[in-house]
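Here's the letter readout for the chains.
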Amino acid sequence: MLEPLRQGLPPLDPAAVSDAASCSLPARYEAVGDARRFTRRTLDQWDTGERFDDVCLVVSELVTNALRHALPTTCVRVDHAPPVRLHLMRWTERLVCAVRDPSQDSPVARETDDFSAESGRGLFLVDSFSDSWGWHPLAGTLGGKVVWALFQLPATPAPTTE
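Now for a description of the structure that goes with this document. Here the structure is a predicted model, which is why all the values come from computation and not from measurement.

Rules used throughout
- Residues numbered from 1 in each chain as written.
- Predicted model: local features only at pLDDT ≥ 70, side-chain atom pairs only at ≥ 80, totals over all residues.
- Heavy atoms only, no water.
- Core = buried A, V, L, I, M, F, W, Y, C linked by side-chain atoms within 4.5 Å.
- Buried < 20%, exposed > 50% of the residue type's maximum accessible area, 1.4 Å probe, protein only.
- Helix = DSSP H or I, 4+ residues; strand = E, 2+ residues; numbered from the N terminus.
- Contact = heavy atoms within 4.5 Å.
- Arc of directions from axis to C-beta.
- Phe/Tyr/Trp six-rings, centres within 6.5 Å; stacked < 30°, edge-to-face > 60°.
- Lys NZ or Arg CZ within 6 Å of the ring centre and 35° of its normal.
- Pairing = 2+ DSSP bridges.
- Axes fitted to C-alpha atoms, helices over the stretch in contact; angles between N-to-C directions.
- Polar contact = N/O pair within 3.5 Å; in protein donor to acceptor, adjacent residues only side chain to side chain.

1. A word on the nonpolar core
Right, so step 1: The biggest cluster of nonpolar side chains holds 34 residues, and the ones touching the most others in it are Leu25, Val59, Leu62, Val63, Leu86, Cys97 and Ala149.
Right, so step 2: Sorting the residues of this core by element identifies strand S1 (19-25), helix H1 (31-45), helix H2 (52-69), strand S2 (84-90), strand S3 (94-101), helix H3 (122-129), strand S4 (132-137) and strand S5 (145-152) as the ones contributing at least two each.
Right, so step 3: With nine residues, H2 is the largest single contributor of residues to this core.
Right, so step 4: In contact with Ala149, other than residues within four places in its own chain, are Val58, Leu62, Leu95, Val96, Cys97, Val126, Ser130, Ser132 and Trp133.
Right, so step 5: Formed by seven residues, the second largest nonpolar core is a distinct cluster that contains Val96, Val146, Trp148 and Leu150.

2. Details of H3
Right, so step 1: Here H3 has its buried residues at Gly122, Leu123, Leu125 and Val126. Taken down its axis, H3 places every buried residue within 155 degrees of arc, on the same side.
Right, so step 2: Against the buried residues of H3 lie H2, S4 and S5.

3. Notes on the packing of aromatic side chains
Right, so step 1: Taken as a whole and judged by the stated rule, the model has zero aromatic pairs.
Right, so step 2: When the ring centre of Phe52 is taken as reference, the NZ or CZ atom of Arg40 above it lies at 3.7 Å.

4. Remarks on the sheet that holds S4
Right, so step 1: With antiparallel pairing, five strands are arranged side by side in an open sheet as S1-S2-S3-S5-S4. Pairing within the sheet leaves two strands with one partner each, and these edge strands are S1 and S4. In this sheet, neighbouring strand axes are inclined to one another by 15 degrees on average, regardless of whether the strands run parallel or antiparallel.
Right, so step 2: For S2 and S3, the ladder comprises six bridges, and the chain directions are antiparallel. Looking at S3, one finds that Leu86 is bridged to Val99.

5. Side note on the side chain of Ser103
Right, so step 1: Looking at where Ser103 falls in the secondary structure, it is placed in the loop between S3 and H3.
Right, so step 2: A polar contact of 3.0 Å, which involves the side chain of Ser103, links it to the backbone nitrogen of Asp105.
Right, so step 3: In contact with Ser103, not counting residues within four places along its chain, are Ala70, Gly144 and Lys145.

6. Regarding the pairing of S3
Put simply, side chains in a regular strand alternate between the two faces of the sheet.
Right, so step 1: Counting buried residues in S3 gives seven out of eight residues, a clear majority hidden from the surface.
Right, so step 2: Hairpin connection from S2 to S3: three residues lie between these consecutive antiparallel strands.
Right, so step 3: With eight bridges joining them, S3 and S5 adopt antiparallel strand pairing. The partner of Asp101 across the bridge, within S5, is Lys145.

Take a look at the structure:
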């Protein structure tokens, strides 16, 4: 169900990008709340609040995974390269949330039948609440990887002229 994990974003027309926003997140678990608040403000500005619950859940899971599994236990923040970064990008009918972290390790979905467990089901939730998701390693000086989730947005009706 969750495979393949290593895949790029589906084709998106760069000319159709409407908005983009990003924020750096400190290497502490309180950053998950910061990410949710940033997501709420951004989606409200973009008038896409109808997908907030799904997007917020996925953002929370992706940021938690980055903080829990992608950072060394003694994470040293470098000013020009924050350890975790959240990106939100909106196309006409698509929204992508992407979380960048410094680890080269692929996300690993745990197989579990215990859906009441408090951990280990994050990627299952990402898969369930987004329309598609994946990850890819970063090349060059950035290093690390990006884990992304795509959400379809309702079509905006064309304005009527009278």
